[in-house]
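Each chain is listed here by its residues.
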Amino acid sequence: SGKSNFKEYRIYRSDRSFIGPFTMIRKIDPKKNTDRTRYYDSEKNKWVYEDQTISLGAGYFYGVTSLDSAGHESWITNRNETAITANGIPRRIS
């Protein structure tokens, strides 16, 4: 329709390949204060998601889509072609 009707981001993960199959692991609604506080890094001016449900030593592939208010979802973007592997428990650096 040409209107700005963005609704949410969807984050997908695969433990097999950068082409999937993918499973949705998180929805982020930029209009919700809780999501903005939790996932938006104002210093870097970008959205950030830390996956806390991974297994150490396993490789993962991620992708992101956007959804509009009519239910139309974009194709998966920002996919990594090389698996991301956690070698240790995530920790926050202050």
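Residues numbered from 1 in each chain as written. Predicted model: local features only at pLDDT ≥ 70, side-chain atom pairs only at ≥ 80, totals over all residues. Heavy atoms only, no water.

With antiparallel pairing, four strands are arranged side by side in an open sheet as 2-1-5-6. Only two strands of the sheet have a single partner each, and these edge strands are strand 2 (23-28) and strand 6 (84-85). Direction of pairing for strand 5 (residues 59-68) relative to strand 6: antiparallel, over a ladder of two bridges. For Tyr 60, the partnering residue across the bridge sits in strand 6 and is Ile 84. (Pairing = 2+ DSSP bridges. Helix = DSSP H or I, 4+ residues; strand = E, 2+ residues; numbered from the N terminus.)

As a further point, take the environment of Arg 38. Tracing the backbone through its elements, the reader meets Arg 38 in helix 1 (residues 33-39). For Arg 38, a relative accessible area of 54% puts it in the exposed group. Separated by eleven residues in sequence, Arg 38 and Tyr 49 have C-alpha atoms that sit 8.5 Å apart. (Buried < 20%, exposed > 50% of the residue type's maximum accessible area, 1.4 Å probe, protein only.)

Here we take up the pattern of salt bridges. Using the criterion set out here, one finds three salt bridges in the structure. Note that Arg 10 is salt-bridged to Glu 73, the shortest N-O span being 3.5 Å. Taken as a pair, Arg 10 in strand 1 (residues 6-14) and Glu 73 in the loop between strand 5 and strand 6 lie far apart in primary sequence, 63 residues in all. You can call Arg 10 buried: its relative accessible area is 15%. In this structure, Asp 51 engages Arg 13 in a salt bridge whose closest nitrogen and oxygen atoms are separated by 2.6 Å. Of this pair, Asp 51 sits in the loop between strand 4 (46-47) and strand 5 while Arg 13 sits in strand 1; the two residues are 38 residues apart in sequence, bridging distant segments of the chain. No difference in accessibility class separates Asp 51 from Arg 13, as the two residues are buried. (Salt bridge = Lys/Arg side-chain N within 4 Å of Asp/Glu carboxyl O.)

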